[in-house]
Each structure stands twice: as C-alpha cells, then as structure tokens.
Amino acid sequence: METFLLDCIKQNRPQDDVEYIVAVCDELGSFYRECEQYDHSLAAFERAKTVAENAGATKSTLYAATLNNMAGTYRQMRDHDRAIELFQAARKLYHELCGKASAAYIGLLNNLSQTYQEAGQPTMALACLEEAVALIESTPALRFTLGITYSNLTTLHYAAGDHEQAIRCMNRALQEYERCPDEDRWHYADALNSMGGFLYAEGNYWQAIALYRKSASYTLRCEGETLEYAAICQNMRWCYEGLGQLELGLSALKEAIRIYTRLLGADHERTRTAADDLICLKQRIEGNGMKVQKGATGDERA
C-alpha cells in the first residue's frame, strides 16, 4: 500500500491534478496513522494541505477533509489542543460548504466530541453529540449516522458515571445499526468495539464477546487483517479470560501477535506487550493443569 501510494505521488506533479495529489496524500497519511507512524502521517497531511493552499483550494471539501484527517493524527498523538483547533477549522468549512445537515458535518461533530472527552472536557463533548442528534433526527437522509453517534454517547455517559443512560444509548445504537443495510453501517466496527468495551467494564463478558466477534468478522470482511482487527483480537482475549475460557483467549492473542508482527515488526511496543502477555497467559494455563500446544502459530481466526 505504501509503495503504491508513493508511486502515485511521484508520477504526478502537484500542478497536474491538485485534487488527485491531495487525495493520495490524505490516503497515505491515513495509512501511516494506522501503522502508528505519526511523523510520516503528519508529513503526508502537511503535503496535501500545502498543495491545496498553493492551488487556492482552501475553500473546498477536500481541504476540509485534510484538516479533519490531520486532526485525527494529532488526536491519536494525544495533542488534543492541536486536534481541536484543526477539527474546529474543518467544522467551519463543512458548515459553509456542505451545511450542518450533512454526513461530513455530523462526522466532524463525532470526531470533535471524542477529542473533547479525551481532553477532559465532557460538557463540550456532550454539546457536540447533542447537536448531532438534533440534526440527524430532523434530516431523515442522515439516519444512518445515528448508530455511531449513540455509541459515542454510550461512552460519554459511562465515563460520567451514568450507567443507566449509557445502556439506553447503547441499545439505541444497536437498534439503529440493525435498521441499516450492511453497506450503510457507518463506523460500525468502531461502535461495536466501543460498546464491547463498555460491556466488558460492566462485567458482561458474554455480550461483550458477542460484539467483539461481530466487529472482528466485519473488519476482516471489509478491511482485512488490519491493526484494528488485531486490537479486537486482544480485546477478545480479555473477555475470554473473564469467562474462564483461557485457551480461546490464547488463540485470540496469538492472532493479534501474528498481525502486529507482520504490520509493525517484532520489536514494536504493541507486539512486545502482547508477546509478554502471551507468556503470562501460557503460564497461567499450565498452572491450571491445561496443556498448551507446542509450536502453535496462532493462525486460527479468533
């Protein structure tokens, strides 16, 4: 993927096709972010931003998308102030170019809400989601965005200690996703993972593993063996432990390690952390008198 995108950039000068080069740089930036190569991600987004600015395309949805994507990288880097600044700039552009009753604006509100929550500003986070819900409910064409919005409300209310409201929002999110055809399930895997985490924290391991398995299947089918899929496998490992099914947890963890090793390398922090966990889990299984298969590769699907 990286080689392909870099070749696409090399074969096109910025002045040849501004929209194309910005889109490719955005894709490259997102790829690097997925691989946790944040410096490379920001460099790619900065190039997209510069190309658009030099072409006088700063009042375009393409430029807004670049700001939105760059903010996402800063958010993962925990630079919340910079992320919020860029999200707000993209929000203003989407408002001007697409209107508030648009999927782009709703998506931006969800991104901004998550960032405010992570930055310790729950009131601002809630305001973003309340605005999103009001816009969606008054615009039937945006109904497909309710699932992820209520999923984010689940996380927000749970963090605030309102577990009953969190459960109501989670059930509403699941209902909304069930109403959507498969191709319209916007940010479906993200929502399932988030709600799975909520259920795990509540000690409801059966329901949590059901959502994680559904998320894993959906991610594998739509995107393949990504880092997100590996992280879901790790989450499943903890649910299986909660259920006392340590061998299933071992299988899920091996799957995560296999993918981390292939995508990040054996020396990456996430790979090493998972590998250390594998050693501990094997020791626990053997301590319980269970046999661990020697030489297992972990190639089973979780």
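Here, every reference points to the structure presented above.
Residues numbered from 1 in each chain as written. Predicted model: local features only at pLDDT ≥ 70, side-chain atom pairs only at ≥ 80, totals over all residues. Heavy atoms only, no water.

1. Section: the packing of helix α5 (residues 80–98) against helix α6 (residues 103–118)
Then comes step 1: Contact geometry of α5 with α6 gives a least axis separation of 9 Å together with a crossing angle of 160°. It follows that α5 is roughly antiparallel to α6 by the angle criterion. Of the two elements, α5 crosses α6, and the hand of that crossing is left-handed. The residues of α6 that touch α5, namely those facing His80, Ala83, Ile84, Phe87, Gln88, Ala90, Arg91, Tyr94, His95 and Cys98, are Ala104, Tyr105, Leu108, Leu109, Asn111, Leu112, Thr115, Tyr116 and Glu118.
Then comes step 2: Residue classes in the contact of α5 with α6 are distributed as 12 nonpolar, 5 polar and 2 charged. (Axes fitted to C-alpha atoms, helices over the stretch in contact; angles between N-to-C directions. Helix = DSSP H or I, 4+ residues; strand = E, 2+ residues; numbered from the N terminus. Parallel < 35°, antiparallel > 145°, perpendicular 65-115°, else oblique. Left-handed = near helix turned anticlockwise from the far one by under 90°. Contact = heavy atoms within 4.5 Å. Nonpolar A, V, L, I, M, F, W, Y, C, P; charged D, E, K, R; others polar.)

2. Notes on the side chain of Thr66
Then comes step 1: The topology assignment puts Thr66 in helix α4 (residues 61–76).
Then comes step 2: Polar side-chain contacts of Thr66 include one of 2.9 Å to the side chain of Asp26.
Then comes step 3: With sequence-adjacent residues up to four places away left out, Thr66 is seen in contact with Val22, Asp26, Phe45, Ala48 and Lys49. (Polar contact = N/O pair within 3.5 Å; in protein donor to acceptor, adjacent residues only side chain to side chain.)

3. What to know about unusual backbone geometry
Then comes step 1: A positive phi angle is found at Glu36, which is not glycine, with a value near 65°.
Then comes step 2: With respect to the helices, strands and loops of the structure, Glu36 is situated in the loop between α2 (18–34) and α3 (38–54).
Then comes step 3: Under the relative-accessibility criterion, Glu36 is labelled partly exposed at 24%.
Then comes step 4: You will see that Arg78, though not glycine, has its phi angle at about 70°, which is positive.
Then comes step 5: On the accessibility criterion, Arg78 (56% relative accessible area) is exposed. (Buried < 20%, exposed > 50% of the residue type's maximum accessible area, 1.4 Å probe, protein only.)

4. With respect to the nonpolar core
Then comes step 1: Judged by nonpolar contacts, the single largest core of 79 residues is most densely connected at Tyr150, Met236 and Tyr260.
Then comes step 2: The dominant element in this core, judged by the number of residues it contributes, is helix α13 (residues 246–264), at 9 residues. (Core = buried A, V, L, I, M, F, W, Y, C linked by side-chain atoms within 4.5 Å.)

5. A short note on helix α9 (residues 163–179)
Then comes step 1: Helix length check: α9 (17 residues) gives 25 Å between terminal C-alpha atoms against 24 Å at 1.5 Å per residue, within 8%.
Then comes step 2: Considered for burial, the residues of α9 that qualify are Ala166, Cys169, Met170, Ala173, Glu176 and Tyr177. The buried residues of α9 occupy an angular sector of 130° when the element is viewed end-on, so they sit on one face. In α9, those exposed residues whose orientation departs by more than 90 degrees from the buried face are Glu164 and Arg179.
Then comes step 3: In the core, the buried residues of α9 are packed alongside α8 (146–159) and α10 (188–201). (Expected span 1.5 Å × (residues − 1). Arc of directions from axis to C-beta.)

6. A closer look at the packing of α10 against helix α11 (residues 205–222)
Then comes step 1: Look at α10 against α11: their axes get within 8 Å of each other, and the N-to-C directions meet at 160°. Here α10 is positioned roughly antiparallel relative to α11, judged by the angle of their axes. Between α10 and α11 lies a crossing whose hand is left-handed. Residue-level contacts link Tyr188, Ala189, Leu192, Asn193, Met195, Gly196, Gly197, Leu199 and Tyr200 of α10 to Tyr205, Gln207, Ala208, Leu211, Tyr212, Lys214, Ser215, Tyr218 and Thr219 of α11.
Then comes step 2: By residue class, the composition of the contact of α10 with α11 is 11 nonpolar, 6 polar and 1 charged.

7. As for helix α7 (residues 122–137)
Then comes step 1: Its 16 residues place the ends of α7 22 Å apart at the C-alpha level, agreeing with the 22 Å of an ideal helix rising 1.5 Å per residue.
Then comes step 2: Those residues of α7 not exposed but buried are Ala125, Cys128, Leu129, Glu131, Ala132, Val133, Leu135 and Ile136.

8. Some remarks on the packing of aromatic side chains
Then comes step 1: All chains considered together, the criterion is met by 5 aromatic pairs.
Then comes step 2: Ring pairs connect the aromatic residues Tyr177, Tyr188 and Tyr218, which therefore count as one cluster.
Then comes step 3: The ring centre of Tyr188 lies 5.1 Å from the NZ or CZ of Arg185, which sits over that ring.
Then comes step 4: Positioned over the ring face of Trp238 is Arg237, at 3.7 Å from the centre of the ring. (Phe/Tyr/Trp six-rings, centres within 6.5 Å; stacked < 30°, edge-to-face > 60°. Lys NZ or Arg CZ within 6 Å of the ring centre and 35° of its normal.)

In short, geometric facts, not functional conclusions.
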